[in-house]
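For reference, the chains in residue letters:
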Amino acid sequence: MLIRQLISHLLLLGTVFLFQACSAQSHLVEDEARTVTKENLRYYLYYPENYFDEPNKDFGLLLFLHGGGESGQELLHVKKNGPPKLLIEGKQFPFLILAPQNPHEKMWWNTQAVNQLLDSVIDANRVDKKRIYLTGLSRGGSAAWEMATQYPDKFAAMAVVCGMAPVPYAHWIDRNMPIWVFHGDKDEIIDVEESDKMVSKLKEMNYDVRYTRYQDVGHNAWDRAYTTDSLYTWMAKQKRIN
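We now turn to the structure provided with this report.

This brings us to the pattern of salt bridges. It is possible for side chains bearing opposite charge to pair when their charged atoms get close. Under the counting rule described, the total for this entry stands at eight salt bridges. Between arginine 131 and aspartate 128 there is a salt bridge, with its nearest N and O atoms 3.2 Å apart. Comparing arginine 131 with aspartate 128, the two get one shared label, buried.

Set out below in structure tokens:
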């Protein structure tokens, strides 16, 4: 009699557990949804002096991504730093320069939207697709690392100024793309160790990477990096081989 009662209790408990498991599983629903993200990107586009004089020639293009301080709704803020600032001061470049604005003051760049903008500008102009260059500073530098991992077959060279990215990103970057990194060792916004670690990993993996580590320079390493003429000479020499 005792054995029968014990068996009955065990069967009852088993039924309860099975019911609870089935009940919990019934709340796990498989479904899908199509999402659409729209981004309004304003931008500046620079043409080299000889672009319109040589209608049969294709030109390289440099994509420049600004930092957090230039984000928002006033497009003219993009002219504060980097190549756009140099253009205002009269410097000429041998390639087109695309300088979009991140419309969100406190959000990261939407790199998918930037890539779509880049493609539309390339298609609408005489651009050599094997000479697309990428650069960015601070938040834009971090976005440049991201774009290099998400679109590894697109860029011929990249220059990152005081940006940051997870070190594992190094595994996803095109091994044939030359990289130049700039950072100040007194940076209090994005620690120089962010670049130290990434560059170290890239060198360990035999990437073609240069590193300019400024002494006694803070976060505004871009003031010196973008006035380095050899940066643009180096960049203009790069061309994708595939």
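Below, the discussion takes up the sheet that holds strand β2 (residues 59–65). Strand order in this open sheet of seven strands is β1-β3-β2-β4-β5-β6-β7, and the pairing throughout is mixed. Of all strands in the sheet, those bounded by a partner on one side alone are β1 (43–46) and β7 (209–214). Shown here is a sheet whose adjacent strand axes are inclined to one another by a mean of 15 degrees, direction ignored. Relative to strand β6 (residues 179–184), strand β5 (residues 157–161) runs parallel, the two being bridged by four bridges. Across the sheet, residue valine 161 finds its bridge partner in β6, namely phenylalanine 182. Sheet strands touched by helix α4 (residues 139–150): β2, β4 (127–137), β5 and β6. Its angle to β4, the strand with the most contacts, is close to 140 degrees. Packed onto the sheet, helix α5 (residues 193–204) meets β6 and β7 and runs at close to 155 degrees relative to β7.

What counts and how
- Residue numbers here run from 1 along each chain, matching the order of that chain's written sequence.
- Restriction of local features to residues with pLDDT of at least 70 applies here, the model being predicted, together with a cutoff of 80 or more for giving and counting side-chain atom pairs; totals for whole chains, interfaces and linings are based on all residues.
- Side-chain descriptors were evaluated using all non-hydrogen atoms of the structure, hydrogens and water having been removed beforehand.
- Salt bridges are identified by distance alone: a Lys or Arg side-chain nitrogen within 4 Å of an Asp or Glu carboxyl oxygen.
- Only protein chains enter the calculation, and the probe is 1.4 Å; a residue is then buried if its accessible area is under 20% of its type maximum, exposed if over 50%, and partly exposed in between.
- The criterion for strand pairing is that DSSP finds at least two bridges linking the strands in question.
- Put simply, DSSP marks the helices as runs of H or I at least four residues long and the strands as runs of E at least two long, and each gets a number from the N terminus on.
- Helix axes use the C-alpha atoms of the stretch in contact, all axes being lines fitted to C-alpha atoms, and the angles between their N-to-C directions lie in the range 0 to 180 degrees.
- Whether two residues touch is decided by their heavy atoms; if any such pair falls within 4.5 Å, the residues are in contact.

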